[in-house]
Structures are given as structure tokens and as C-alpha cells.
Amino acid sequence: MFNDILTYLKPYFLYVKGQPVIFTQLYFWGFFAVVLGIYSLLYKKNTWRTFYLLLVSFFFYYKTSGIFLILLIFTIISDYNWGRLIYQSQSDTRKRVYLTISLVLNLTLLCYFKYAYFFTESVNQLAGTDISFFNHFTQFSNTFLGTTDPVDKLILPVGISFFTFQSISYTIDMYRGKVTPVKSIFDYGFFVCFFPHLVAGPIVKANEFLYQIYQPYHLTGKDFGYAVFWIFNGLGKKIMADYIAVNYIDRIFDNPNYYSGVEAVFGIFGYSLQIYADFSGYTDMAIGIALLLGYRLKTNFKSPYKAQDVSEFWKRWHISLSTWLKDYLYIPLGGNKKGTAGSYICIAFLSVVLVMLTGKIWLLLVLLFIAIVFVVLAYFFPQVKRSVNTNINLLVTMLLGGFWHGSSWLFIIWGGLNGLGLVLHKLWQKISPFKNSESFVLKVIMVLITLAFISFTRIFFRSDSLDTVNLIFDRITNHFGGALTLEIIRGYALVFSVILLGYLIHWIPESFKEKYRVTFADLPLPAMSFVAVVFVFCVYQMVSGEMQPFIYFQF
């Protein structure tokens, strides 16, 4: 009997490969209910609540990534101590040394798990060698922990980019004097791995969160209402994203040759809505869950498809990553003032990466030729030099942002296109006759142009290969099928209605959205409960299968 109970409970407490814990699972909400129940006994004691939430976060990550919990703990122990050494050192040179060691350790781990397999394959392709990839971490796990994972495969730990960037922000902010050391390693561990934002953001910077650890728990009735609202808002977005993905978008990108150009265009704009609803839905729920626990996370999305240009879009989209890249990469490289040695090192690195991704040595010669042409032009024409200096870091940041998403040249193309869009917008602003216009019609046109450009770049982001990209462009240019538009709309009437509704809700003025948030937050608890039950019942009617993992889990 006892063994039967243990067998039944085992999946609830042990890591199950391929089954990460996601906010849309019933398991998560049962887990969170237990967490809240125990938390209600501890929340008044800062030390106890921090230690408790640290243990909860460790369990959450173990259930999501298993043995990779070791990496998370290593990152915590490492950067906690490097940060302490940076703060205690009286020598600027030593501070730089300690910071450099911290950055090297973090980036080495990140690059190993995200790019080691890619570099091995690229070397084989370029050099004609047959080097077999060997996963040393898996060997360690198999030897000492009894796991049986294959050593020739590389599994990406869920959320490694997010918790690595957060930990890096601590040592850099310590070096810059923006923060002081936390009181204990438990406080630091809690900052790094607080479970609502652990696996898919928003990225929390040290100087924006650490002070909250030492504040007393505070949650007003309105705060509670807002928290519940954000949780249900995120849940609704996620279910909508899954519905349009399973019933339309995945089909287009998996087999583009079976569909007309019109269907492909609908799929491209549908994917823009899907990735927004999926990613912002996760962060909405993270913000709500954290608020119930007494912690405030920064807004990560501000209706990005209301943007009238590419620059505004990137101020509204994945704000935590955009600001992180700005604070810790773009500005240190020189911002829009000048290109530095770091800028050109990054350009050289990205050039090597592109050559390795394509496996074409001749591409290196082409890139070298382009570099020589720019050097010559910059020498003879000062305006070219000024243009390069003011724009190079923008391009570098977006290209590295693309590479951060994965070891595919499609991601780098996506980042490069967005970087080019930002540069062209800067140039257009100088000559635009419309920049001070208040015309509503013009604003609508600019919003639609921006959405079209962003959606176009996402063809490279969503496609799994260049062949898929080529097929999609071929369907649009050579097999558009415009005469079938009405028939296609009728055939996918429900899916297209959901996509249209999603965009219309997105475009609702912010002032109106704030009104219904406040209205919900001010409801009496019985009325709020009734609305919540009705909402959950309605949105789950859209569930057409098992809930999909959040898109940004893979990054």
C-alpha cells in the first residue's frame, strides 16, 4: 500500500524529462496553492520568507530542468562571491579582474550549452573533419548522479539565458557602485531564481529588485485585484496563442508548400500575434504571481504593435531584454557616440560566426572586402565615418541579440534586419516631412507599416531552415492566389476571427485598458471570483489539445 502511494506521488515530486512545469498546467496551480498556504505562515518574517521562496524556486527549477539545477546553484555561489570580492576590494584593477572572471565564467557556461554543438558541427563542415561532440556535463551527471542521458547530445537548460543575464547584472552593478552586497547568499539565490520569472523572464536587474527583499510584505486589496487580473490576462493570451498556433500557424510554417501566398501572409501576421500573446502572456502571469507574493516586477511589454516605427517598437517589446542590452552592451560599447575596440571585436566575432553557420569560406573574403571598403570610405569621407560611428553599436547590439536567441544564421538575419530597420529609421527622421504630424490617418498607416516590417522579419525567426524561408517567399511571389482570399477567410473563419479580435484588443487605447483593470481590481471578492470562474470556463473552450510550452522556454 505504502509503495503504491509512493509510486503514485513520484511524478509530482521528481523531474520528468520533457514535461517542464508551465503556468497553464493544473499541476502548477496546485503547487502554487500549497506554496501560498505555507507562505501565509511565514510572510511577515523577511529572512524566513526569502529562504522558503528560495527552496520553492529550487524545486520549481528542478521540476522544469532536472539535473541542470546544479548549474543554477553554481551560478548563485560563484557570482555571490565575486560580487562580494568586487565590493570589498580597494583596487580598481582587482575589481576589474574579479568582474572579468565573473563574466567569463557566466558567458562560458552560457555559450557552452547554447553553442558548443554548433561550433563542433561548423568546424567539421569547414575543415572536413569528423570530430564527435562530447557532452562533458552529461558524462558528469551519468557518472556521479546515476543518470543515463546520451553524451553525444546537448540539451539546453531551460531559462539559462535569463538567470545568467540576471546574475551578470549583479556583478556589473556592484562594480559600478549601483548596489551593495546582499546580506546572505540565500538572499542572492532568491534574487537569481525567484520562480515566477526564472525560466522566461522578465529579466530582473539587481538594482531594480534587491531592495524589495528587505522590505516588509505589503499587498493592498487593489494590489490583490491587479495580481489576479494579470494572471487571468496572461492565461487568456496564452490559450489564444496556442489555439491559433495549433489550428493555423504551425501548419503554414511546417508545410508552406501546401498553402497559397495569401494563406502564408495570414500566417505571418498571425505568428506576430501568437509570439506576442505567448510571451507577454507568460510575463503577465509572472507579474501577477510575484505581486501576490509581495514583489513587484517591471512591465515587459507595452502594446508593441501600437508602435509607429521600429525604434518605438523596441522600446515596447521585451523591455527587460532591450534595456539590459542597452545598459550592459550598447552603452558600454560607446552607444551612438562612437565605435570602440569592443564594437569591432564584436563585428569580427559575428563575422566568424556567420562563416561557421554557412560553412562557406568565401563568405569570409566577402566580409573582409566589405570591411576594407568601409575603412577606405571612412578615411576619405568624414560623413561616412560619422555614420559608421553612430550606428555600428546599434547594429552590433541587434546582431548579438539575434545570436542570443540561438545558433542559427536565421536568428542573426532577423537581428540584422531589425538593426538595419533601426538605422534607416534614424536616417529617415532627419528628412521626414511627417515627423511632427498629428494626423490620425498617418499614425494608423505608420503602425501598419511597422507591423508589416516586424512580421516580415519574423519569417526568419519562426522558420526552422532557409528552405522554409525560401518556400514562404516563393508562395507569396509566385503562388499568391489572391482570387481565393474570400474562400480562405470563410474556411478559417473562427481562427481568423480570433486573430482579428486579438489585434483589436491589442489596439484598444491604454487609458481604456486601465479603466477595466481598475474596475476588476475594485470588485468585491465574491464578484471577482464569479468573473474569474466565468473567464476560465470561456477561455478553456479554446483549448484544442495539450497546452504548448512557452515559446521563450527554448531561449
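Residues numbered from 1 in each chain as written. Predicted model: local features only at pLDDT ≥ 70, side-chain atom pairs only at ≥ 80, totals over all residues. Heavy atoms only, no water.

Asker: Help me understand the overall build of the protein in this model?
Answerer: Counting its secondary structure elements, the protein contains 23 helices and 0 strands. On C-alpha atoms alone, the protein measures out to a radius of gyration of 25 Å, which is about the 24 Å that the 2.2 N^0.38 rule sets for 555 residues. For the protein, the C-alpha atoms occupy an extent of roughly 75 × 65 × 50 Å along the three principal directions. Within the span of the protein, comprising 555 residues, buried residues form 48% of the whole. A fraction of 77% describes how many contacts in the protein between residues 6 or more apart in sequence connect residues 24 or more apart. Accessible surface, the protein: about 27300 Å² in total, of which carbon and sulfur atoms supply 68%. Taking the average place of the 43 positive charges on the side chains of the protein and the average place of its 29 negative ones, the gap between the two points comes to 11 Å. (Helix = DSSP H or I, 4+ residues; strand = E, 2+ residues; numbered from the N terminus. Rg over C-alpha atoms; globule rule 2.2 N^0.38 Å. Buried < 20%, exposed > 50% of the residue type's maximum accessible area, 1.4 Å probe, protein only. Contact = heavy atoms within 4.5 Å. Areas by Shrake-Rupley, 256 points an atom, 1.4 Å probe, with all protein chains shown as cover. Lys, Arg positive; Asp, Glu negative; His and termini not counted. Charge placed at Lys NZ, Arg CZ, Asp CG, Glu CD.)

Asker: I would appreciate a short explanation of the nonpolar core in the present structure.
Answerer: Nonpolar side chains in soluble globular proteins tend to be buried together. Leu53, Leu72, Phe191 and Phe195 are the most contacted members of the largest nonpolar core, which has 138 residues in total. A total of 17 residues in this core trace back to one element, the largest contributor, which is helix α11 (residues 261-292). Contact partners of phenylalanine 195, with chain neighbours within four places excluded, come to Phe23, Phe28, Phe31, Phe32, Leu53, Val56, Ser57, Phe60, Tyr282, Ile289 and Leu293. (Core = buried A, V, L, I, M, F, W, Y, C linked by side-chain atoms within 4.5 Å.)

Asker: What is the right way to read the packing of helix α17 (residues 409-431) against helix α18 (residues 440-462) from this model?
Answerer: Between two packed helices, the angle of one axis relative to the other and the distance separating the axes together describe the packing. Interhelical geometry of α17 versus α18 gives an angle of 160° and a closest axis separation of 7 Å. Classified by the angle between their axes, α17 and α18 sit roughly antiparallel to one another. In the packing of α17 onto α18, the handedness of the crossing is right-handed. In contact with Leu410, Phe411, Ile413, Trp414, Leu417, Asn418 and Gly421 of α17, α18 contributes Phe453, Ile454, Phe456, Thr457, Arg458, Phe460 and Phe461. Its residues assigned to classes, the contact of α17 with α18 comprises 10 nonpolar, 3 polar and 1 charged. (Axes fitted to C-alpha atoms, helices over the stretch in contact; angles between N-to-C directions. Parallel < 35°, antiparallel > 145°, perpendicular 65-115°, else oblique. Left-handed = near helix turned anticlockwise from the far one by under 90°. Nonpolar A, V, L, I, M, F, W, Y, C, P; charged D, E, K, R; others polar.)

Asker: Which parts of the structure should I look at to understand the environment of leucine 69?
Answerer: Positionally, leucine 69 belongs in helix α4 (residues 69-88). Classification of leucine 69 by relative accessible area gives buried; the value is 17%. Separated by 42 residues in sequence, leucine 69 and cysteine 111 place their C-alpha atoms 17 Å apart. Excluding residues that lie within four positions of it along the chain, leucine 69 makes contacts with Phe58, Tyr61 and Tyr62.

Asker: Hey, could you run me through the packing of helix α8 (residues 185-193) against helix α9 (residues 206-213) in this one?
Answerer: One can describe the packing of α8 onto α9 by two numbers: an axis separation of 10 Å at closest approach and a directional angle of 130°. The pairing of α8 with α9 is recorded here as oblique in orientation. Between α8 and α9 lies a crossing whose hand is right-handed. Residues Asp187, Phe190 and Phe191 of α8 form the contact with α9, whose own contacting residues are Ala206, Phe209, Leu210 and Ile213. Looking at side-chain class alone, the contact of α8 with α9 contains 6 nonpolar, no polar and 1 charged residues.

Asker: What is the right way to read helix α16 (residues 382-404) from this model?
Answerer: In an α-helix there are 3.6 residues to a turn, and that puts residues three or four apart on one side. Its 23 residues place the ends of α16 33 Å apart at the C-alpha level, agreeing with the 33 Å of an ideal helix rising 1.5 Å per residue. After α16 finishes, the residue glycine 406 shows a positive phi value of roughly 160°. (Expected span 1.5 Å × (residues − 1).)

Asker: Sorry if this is basic, but what is going on with a nonpolar patch on the surface here?
Answerer: A cluster of nonpolar residues, Trp362, Val366, Phe369, Ile370, Ile372, Val373, Phe374, Val376, Leu377, Tyr379, Phe380 and Phe381, forms a patch on the protein surface that exposes about 1200 Å² of accessible area. The topology assignment puts tryptophan 362 in helix α15 (residues 361-380). By relative accessible area, tryptophan 362 is classed as exposed at 54%. (Patch = residues over 30% accessible without salt bridge, like charges linked within 9 Å, V, L, I, M, F, W, Y side chains within 5 Å. Salt bridge = Lys/Arg side-chain N within 4 Å of Asp/Glu carboxyl O.)

Asker: Hey, could you run me through the side chain of serine 303 in this one?
Answerer: Inspection of the secondary structure puts serine 303 in the loop between α11 and α12 (310-316). Side-chain polar atoms of serine 303 contact the side chain of lysine 513, separated by 3.5 Å. Ignoring sequence-local partners within four residues, the contact set of serine 303 consists of Arg316, His506, Glu510 and Lys513. (Polar contact = N/O pair within 3.5 Å; in protein donor to acceptor, adjacent residues only side chain to side chain.)

Asker: Explain the pattern of salt bridges here, please?
Answerer: Side chains that differ in sign of charge can pair as their charged atoms come close. Following the criterion strictly, the structure yields 12 salt bridges and no others. A salt bridge links lysine 222 to aspartate 522, with the nearest nitrogen and oxygen atoms 3.5 Å apart. Of this pair, lysine 222 sits in helix α10 (residues 221-254) while aspartate 522 sits in the loop between α22 (510-521) and α23 (525-539); the two residues are 300 residues apart in sequence, bridging distant segments of the chain. Taking relative accessible area as the criterion, aspartate 522 reaches 47% and is therefore assigned partly exposed.

Asker: In this structure, what is going on with the side chain of serine 161? I would like to understand it.
Answerer: With respect to the helices and strands, the residue serine 161 is situated in helix α7 (residues 160-176). With relative accessibility at 0%, the residue serine 161 sits in the buried group. Within polar-contact distance, the side chain of serine 161 engages the side chain of lysine 114 at 3.0 Å.

Asker: What's the story with the packing of aromatic side chains in this structure? I'm lost.
Answerer: Centre distance and the angle of the planes are the two values used to describe a pair of aromatic rings. Under the definition given, this model contains 68 aromatic pairs. An angle of 55° between the planes, with centres 4.9 Å apart, marks the rings of phenylalanine 190 and phenylalanine 194 as tilted. Of the two residues examined, phenylalanine 190 and phenylalanine 194, each falls in the buried class. Taking 4.6 Å as the distance between ring centres and 40° as the angle between the ring planes, the aromatic pair formed by phenylalanine 266 and phenylalanine 496 counts as tilted. Placement of the pair is phenylalanine 266 in helix α11 and phenylalanine 496 in helix α21 (residues 493-506), with a sequence separation of 230 residues. Residue class for phenylalanine 496 comes out buried when judged on its relative accessible area of 11%. Here the guanidinium or amino end of lysine 63 rests over the ring plane of tyrosine 27, the centre of that ring lying 5.2 Å away. In this structure, arginine 458 is placed above the aromatic ring of tryptophan 317, and the distance from its NZ or CZ to the ring centre is 4.5 Å. (Phe/Tyr/Trp six-rings, centres within 6.5 Å; stacked < 30°, edge-to-face > 60°. Lys NZ or Arg CZ within 6 Å of the ring centre and 35° of its normal.)

Asker: Quick question: what am I supposed to make of unusual backbone geometry here?
Answerer: Keep in mind that most residues, glycine aside, have a negative phi and that most peptide bonds are trans. The phi torsion at serine 303 lies on the positive side, around 40°, for a residue other than glycine. Relative accessible area serves as the criterion here: at 6%, serine 303 is assigned to the buried category. One non-glycine residue, histidine 318, lies in positive phi territory at about 40°. With respect to the element layout, histidine 318 can be found in the loop between α12 and α13 (319-330). Judged by relative accessible area, histidine 318 falls into the buried class, the value being 1%.

Asker: Can you help me understand α22 in this one?
Answerer: Here α22 spans 16 Å end to end across 12 residues, near enough to the 16 Å set by a 1.5 Å rise per residue. What α22 keeps buried is the set Lys513, Arg517, Phe520 and Ala521. Taken end-on, α22 shows its buried residues confined to a sector of 100°, consistent with a single buried face. Pointing more than 90 degrees away from the buried face of α22 are the exposed residues Ser511, Lys515 and Thr519. (Arc of directions from axis to C-beta.)

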